[in-house]
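Letter by letter, the chains look like this.
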Number of protein chains: 2
Amino acid sequence: MEVLRDPERADWKRILTRPGQDASSLREIVEAVFLEVQRHGDQAVMKFTEKYDGIRQEHLLVSEEEFARANANVDEKLKKAIIAAKLNIERFHLSQQTAVVHVETVPGVDCWQEKKAIEKVGLYIPGGTAPLFSTVLMLGIPAQIAGCEDIVLCTPPSGDGSIHPAILYTAKLCGIHSVYKAGGAQAIAAMTFGTNTIPAVYKIFGPGNQYVTAAKQRAALQGVAIDMPAGPSELLVLADASADASFIAADLISQAEHGPDSQVILVTTCPELPDLVAAEVERQMTTLPRKSIAGRAIENSKLIYIQEVSKAMELVNEYAPEHLIIVSEEESYYLRHLRNAGSVFLGSYSPESAGDYASGTNHTLPTNGYARQYSGVNLDSFMKSITFQRITKSGLRHIGPTVEIMAAAEGLSGHKNAVTIRLKRLQAEGRD
Amino acid sequence: MEVLRDPERADWKRILTRPGQDASSLREIVEAVFLEVQRHGDQAVMKFTEKYDGIRQEHLLVSEEEFARANANVDEKLKKAIIAAKLNIERFHLSQQTAVVHVETVPGVDCWQEKKAIEKVGLYIPGGTAPLFSTVLMLGIPAQIAGCEDIVLCTPPSGDGSIHPAILYTAKLCGIHSVYKAGGAQAIAAMTFGTNTIPAVYKIFGPGNQYVTAAKQRAALQGVAIDMPAGPSELLVLADASADASFIAADLISQAEHGPDSQVILVTTCPELPDLVAAEVERQMTTLPRKSIAGRAIENSKLIYIQEVSKAMELVNEYAPEHLIIVSEEESYYLRHLRNAGSVFLGSYSPESAGDYASGTNHTLPTNGYARQYSGVNLDSFMKSITFQRITKSGLRHIGPTVEIMAAAEGLSGHKNAVTIRLKRLQAEGRD
């Protein structure tokens, strides 16, 4: 862990540089996968699953029998925990429902905005070292609340060709019946073009490795919307002397265990905290099962002392962390001036892992500084808004001349005439 | 105009095919522009402006003097019209402001969602045959209401190196002081990487030709957010016998004059309407100044008679029109079942051009069927949401065990430990 003390403003950019993840080198591979899935559909998906995951498949769709087996294989205690988490996530995402926005801009001109579900959505759940059934909750729950009609889920099969039972159990719990054993770029390509088995969708959600990220970018070129560009997970802890070093260390380690390219950063106005936290991290790491993964992320981590509260805030806003823990007596100052972050955890008893699973907030969040311009996944991510207007005769008399003048000035006389023809009719009616 | 009568369901896709606009052939050209602007900044922007727009420039930033000259050159009547339109657009977009969403998911677990402005945004206003000062309103007003700190505007200079005075007047009116004389892919590249003169932004908005669209897609690969993929403008009119053929014809023509690749479609449950509208279009076209442009779009247009109301609705939802006019006694049925559209105009006195300028709704809308998954530009387009959680000791006692069980099942013991270490502390405190 590198300890830095009041680094120069000019050095911040370098210090806060994220691990490089240029997907451009993967573009050719992904392009080849897309072309073949577009041409050969299911056969191509199975071919790439054999090539990249080493598994030969007979079918892609998870059967009812497989769902039933999964259900039998999930521990009752885990089921209860998943249900408890689901309730909280549901409560928070239900509260994000918005009413129709309605306003009469001028007498006789009614305008409103209404949100509708995106009909077909695809959820991607990565495979790899952890079976992320929690991500099924985070994507499946808002999709269901939004009212998406077709929700499909793709996830790569594990070594024996099966899907982790907790993923299937959670999918079913969220009303998702169409689960496909497909991962990587081939799964994203399948949801982009559609195959005989896997339907095409309008928007693709979910995290993934660099191939999946590159594939989602490729899907976007094809007109499919995506939730956000994804990158390695990050945590920034902003703390002062009121914080507990052992709690902070536990939080930093929890983030570091996601992967060797995870970023963990402490920013503190307390000069002693960096060393205290470093010692605690070392102590706690000894018993961590995923030590080898977390260790590499911890090596690259920074513990930054910054004397001034306002400068600490500036640094946080510049970094735009995915996860931000604030434990400080300056909390209200920070909350007032915070501009960029994905999800924020306040106080000593709000560990980041609570938001990963069960507080109710979504854990699919913008990484890589994208919190500057992207929201985390929320209810609106599964909806789009449509605007409406109803103009009465008197309404058109009000705004018609404005439209005529502006359309004429833009050189669009057809636009002008669509109003003029109606105003003339009204004049004629008026004379009757 | 092609008249179709109750076409087979299987033929809809072919009938509704949009004019091809595969940007992939432009990718190489755009890539070259991006590389050069990244390397050579302003010099590259000026070089491409000379190459593509035929204009040699000394500077890119519009000066205060140029603003003042523009102000003097805009007709007072036009100024009044722009101000009137601005008021309506402001009213509608102000009404889209949302309160903080706050919910206590379980006792002691407070979660909330707050929206914040995207700090740096870039607006692109195309040049070409029409000076689109109305688009300055449509992008500038919500950016200002959202509270974006840095709003920059790029627009290509016209033949004499100047910007149309109405564009500059409108920009100033919307509080935009940084206007750059740059267009095409080089403007998008400049806002992506930043140059000495043009700042880099976090999100780029606005319509444009195929080069601009391809450039925005390229910017997205660089991590810059974009409003939506853009395509040629479209109008679908859904009407029955209660509609006025001459009004419909005027609306179809107004859309057709945007460009030869504009799409205009009539779907009607009235068997006589297609021929009546076709005759009216022919009559009205004779006096249209932009006849040569509109004529080509009109040639490709379809007038579709469909007997059943429900089938007509299905066709509209499948097409997902950017603009949808509904003039029908079945309006309430259509409103209930409408799934996909950008902006909807109801009744005989709601011409589409009213929404282009002055009703209050936004005219930057999803084309090319993207209304299935994208919203038109609205206040939220200029903001991102951040979630917050504050968990008390008793809150963590409630949800802690759930987190521990789930984290353990995902194999993430660091995540579990971040809770365990706190629960242990609470146990110890309890014993005190």
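Here, the structure is the one placed above.
Residues numbered from 1 in each chain as written. Chains lettered and ligands numbered in written order. Predicted model: local features only at pLDDT ≥ 70, side-chain atom pairs only at ≥ 80, totals over all residues. Heavy atoms only, no water.

Draft legend 1. Here's a closer look at the pairing of strand β10 (residues 263-268) of chain B. All names here are of chain B. Burial of β10 is extensive: 6 of the 6 residues sit out of reach of the surface. Residues Q263, I265 and V267 of β10 are buried on one face, and the alternating residues V264, L266 and T268, pointing to the opposite face, are buried as well. As paired strands, strand β9 (residues 234-239) and β10 are joined by 6 bridges and run parallel to one another. Bridged to L236 within β10 is I265. Note on the crossover from β9 through helix α9 (residues 245-256) to β10: the handedness is right-handed. (Buried < 20%, exposed > 50% of the residue type's maximum accessible area, 1.4 Å probe, protein only. Helix = DSSP H or I, 4+ residues; strand = E, 2+ residues; numbered from the N terminus. Pairing = 2+ DSSP bridges. Right-handed = clockwise from strand over helix to strand, strands pointing away.)

Draft legend 2. Summary view of empty space enclosed by the protein. Using the criterion set out here, one finds 7 cavities of 30 Å³ or more in the structure. The computed volume of the largest cavity comes to approximately 60 Å³. What lines the largest cavity is a set of 13 residues, and nearest its centre among them are G376, V377 and N378 of chain A together with S385 and T387 of chain B. Of all the elements in the fold, those that place two or more residues in the lining of the largest cavity are α4 (76-94) of chain A together with β14 (383-391) of chain B. Take the lining of the largest cavity: its biggest share by element is 3 residues, from β14 of chain B. The residue makeup of the lining of the largest cavity, split by class, is 4 nonpolar, 9 polar and no charged. (1 Å grid on protein atoms, 1.4 Å probe; cavity = no way out; pocket = protein on both sides within 12 Å on 5 of 7 lines; lining within 4 Å. Points joined across faces, edges and corners; volume = space filled by probe spheres on them. Nonpolar A, V, L, I, M, F, W, Y, C, P; charged D, E, K, R; others polar.)

Draft legend 3. The side chain of Q57 of chain B, seen in detail. Residue and element names in this part refer to chain B. Position of Q57 relative to the elements: it lies in the loop between α2 (27-53) and α3 (64-73). A distance of 3.4 Å separates polar atoms of two side chains, one belonging to Q57 and the other to T49. At 2.7 Å, the side chain of Q57 forms a polar contact with the backbone oxygen of K181. For Q57, the contacting residues outside a window of four places in its chain are M46, T49, P157 and K181. (Polar contact = N/O pair within 3.5 Å; in protein donor to acceptor, adjacent residues only side chain to side chain. Contact = heavy atoms within 4.5 Å.)

Draft legend 4. Region of the structure containing the sheet that holds β9 of chain B. In space, the 9 strands of this open sheet follow the order β2(A)-β3(A)-β14(A)-β13(B)-β12(B)-β9(B)-β10(B)-β11(B)-β1(B), with mixed pairing throughout. This sheet does not close on itself; its edge strands, each paired only once, are β2 (101-106) of chain A together with β1 (2-5) of chain B. Pairwise comparison of adjacent strand axes, ignoring direction, gives a mean angle of 20° for this sheet. Two strands pair when backbone bridges link them, and strand β12 (residues 323-327) of chain B and strand β13 (residues 343-346) of chain B are joined in this way by 4 bridges, in the parallel orientation. Counted as the bridge partner of I326 of chain B is L346 of chain B from β13 of chain B. Seen against the sheet, helix α4 (residues 76-94) of chain B touches β2, β3 (109-117) and β14 (383-391) of chain A and runs at an angle of roughly 165° to β2 of chain A. (Axes fitted to C-alpha atoms, helices over the stretch in contact; angles between N-to-C directions.)

Draft legend 5. Inspection of the relation of the copies chain B and chain A at higher detail. Each copy superposes on the other: chain B lies on chain A with an RMSD of 0.0 Å after a rotation of 180° and an axial shift of 0.0 Å. The superposition of one copy onto the other is thereby described by a two-fold rotation axis. Rotation axis and chain B: the residue whose C-alpha lies nearest the axis is T98 of chain B, separated from it by 4.3 Å. Comparing interface residues between copies, 100% of those in chain B also lie at the interface in chain A; the contact surface is shared. (Least-squares fit on C-alpha atoms with pLDDT ≥ 70 in both.)

Draft legend 6. Structural detail: the pairing of β9 of chain B. Residues and elements named next belong to chain B. Counting buried positions along β9 yields 6 of 6 residues, so the element is predominantly enclosed. On β9, burial covers both faces: E234, L236 and L238 on one face and L235, V237 and A239 on the other are all buried. Two strands pair when backbone bridges link them, and β9 and β12 are joined in this way by 5 bridges, in the parallel orientation. Paired with L236 across the strands is L324, a residue of β12.

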